[in-house]
Amino acid sequence: MPPLRPSPLAEQAAARIEEQIRAGEWPVGGKLPGEVALAKELGVGRSTVREALRTLAAAGMVQSRQGSGVFVTSDRPTAGDWATRLRAAELAHVYEVRTMVEVQAARLAAERRTDADLVTVDAALAARLAAGRADDAGFVAADIALHTAIVAAAHNPVLDDLFAQFAPVLRDHLVALVGLFGLRDVDPNQGYGSHEELVRALHDGDPEAAGRVLAAELEATRSRLLSS
């Protein structure tokens, strides 16, 4: 795994370990590598690893056994767990901000996109589809790359700067969201249809359709988070 970037490192480390558990690298009932090995693999300090493991323990995914190590107890967070509820509530707030920024950007993109923008957006949509074969982090990265291309097509440098600042936070939360609800368990390309419809609205130069499609998708996710 590549080293993690600075930000809330413990949260990122917990998300990365959770991904590996869900991918089956460390199966339920199995023992995690020791703190030193995990710290080296993730590119962080041992204190960050300990905090990440406490987060996963609070979510019901791992359990520390005195003198034996840390063992995997579940391959996903327990939905009723308080720590999990806090993560969902925080992400709901992120989605409120995301809606304010991206829906307007989508409308502007439909009005202002150039032929070159459409080529870039189409390539990003295809990459998102291909990322259905990737892990959650890879899929989320491809999804955000598509949304970044759409924001760029609005040709508003302030929106570009806002989304650039927002994207790292969004990425971390989306990886947690996918794991929290198991969104890709049934459909590895979850949400592809609405994204394809959004791109079609850009091709058609239809700002109302672009805003409507994206607003509906984001609101559906936010509502789901609030009801968790």
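Each value, and the rule that gives it
- Residues numbered from 1 in each chain as written.
- Predicted model: local features only at pLDDT ≥ 70, side-chain atom pairs only at ≥ 80, totals over all residues.
- Heavy atoms only, no water.
- Helix = DSSP H or I, 4+ residues; strand = E, 2+ residues; numbered from the N terminus.
- Buried < 20%, exposed > 50% of the residue type's maximum accessible area, 1.4 Å probe, protein only.
- Contact = heavy atoms within 4.5 Å.
- Areas by Shrake-Rupley, 256 points an atom, 1.4 Å probe, with all protein chains shown as cover.
- Phe/Tyr/Trp six-rings, centres within 6.5 Å; stacked < 30°, edge-to-face > 60°.
- Lys NZ or Arg CZ within 6 Å of the ring centre and 35° of its normal.
- Patch = residues over 30% accessible without salt bridge, like charges linked within 9 Å, V, L, I, M, F, W, Y side chains within 5 Å.
- Salt bridge = Lys/Arg side-chain N within 4 Å of Asp/Glu carboxyl O.
- Lys, Arg positive; Asp, Glu negative; His and termini not counted.
- Charge placed at Lys NZ, Arg CZ, Asp CG, Glu CD.
- Axes fitted to C-alpha atoms, helices over the stretch in contact; angles between N-to-C directions.
- Parallel < 35°, antiparallel > 145°, perpendicular 65-115°, else oblique.
- Left-handed = near helix turned anticlockwise from the far one by under 90°.
- Nonpolar A, V, L, I, M, F, W, Y, C, P; charged D, E, K, R; others polar.
- Pairing = 2+ DSSP bridges.

**Concerning the overall build of the protein chain**
Scanning the protein chain from terminus to terminus reveals nine helices and two strands. Starting at the N terminus and walking to the C terminus, you meet the elements of the protein chain as α-α-α-β-β-α-α-α-α-α-α. Scored against the burial criterion, the 228 residues of the protein chain give a buried share of 46%. Taking as baseline every contact in the protein chain between residues at least 6 positions apart, the subset at least 24 positions apart corresponds to 70%. Surface exposure of the protein chain reaches about 10,900 Å², of which carbon and sulfur atoms provide 56%.

**Focus on the packing of aromatic side chains**
Applying the stated criterion to the full structure yields zero aromatic pairs. Over the face of the ring belonging to F71 we find R65, whose NZ or CZ atom lies 4.2 Å from the ring centre.

**Focus: a negative patch on the surface**
On the surface, E111, D204, D206 and E208 cluster together to form a negatively charged patch. For D204, the position within the fold is in helix α8 (residues 192-204). Among the residues examined, D204 registers a relative accessible area of 57% and is labelled exposed.

**Looking at the packing of helix α1 (residues 9-22) against helix α3 (residues 46-58)**
At a minimum axis separation of 8 Å, α1 and α3 run at an interaxial angle of 60 degrees. Classified by the angle their axes make, α1 and α3 are oblique. Handedness of the crossing formed by α1 with α3: right-handed. Of α3, the residues touching α1 (which contributes L9, A10, A13, A14, I17 and E18) are T48, E51, A52, L53, T55 and L56. Considered class by class, the residues forming the contact of α1 with α3 number eight nonpolar, two polar and two charged.

**Things to note about the environment of A15**
Summarising the element assignment, A15 is placed in helix α1. Sequence spacing of A15 and L56 is 41 residues, and the spatial spacing of their C-alpha atoms is 8.7 Å.

**Examining the pairing of strand β2 (residues 69-72)**
Here strand β1 (residues 62-65) pairs with β2 via four bridges, running antiparallel. Residue Q63 lies in a different strand from β2, and its bridge partner there is F71. Hairpin connection from β1 to β2: three residues lie between these consecutive antiparallel strands, with G67 at a positive phi of about 80 degrees.

**Examining the pattern of salt bridges**
In total, this model carries eight salt bridges according to the counting rule given. Note that D143 and R128 form a salt bridge whose closest N and O atoms lie 2.7 Å from each other. Within this pair, whereas D143 is found in helix α6 (residues 136-152), its partner R128 is found in helix α5 (residues 115-130), the two being separated by 15 residues in sequence. As far as the burial class goes, D143 and R128 line up, both buried.

**Section: the packing of α6 against α8**
Between α6 and α8, the shortest axis-to-axis distance is 12 Å and the interhelical angle comes to 20 degrees. By the angle class used here, α6 and α8 are roughly parallel. As α6 packs across α8, the resulting crossing turns out to be left-handed. The segment α6 lies against α8, with D143, L146, H147 and I150 engaging H195, L198, V199 and L202. For the contact of α6 with α8, the residue count by class is five nonpolar, two polar and one charged.

**Digging into the environment of R128**
A residue is classified by how much of its surface remains accessible, and R128, at 2% relative accessible area, is buried. Counting along the chain gives twelve residues from R128 to V140, while the straight-line C-alpha distance between them is 8.5 Å. Once residues lying within four places of it in the same chain are set aside, the contact partners of R128 are F139, A142, D143, L146, N189, Q190, G191, Y192 and H195.

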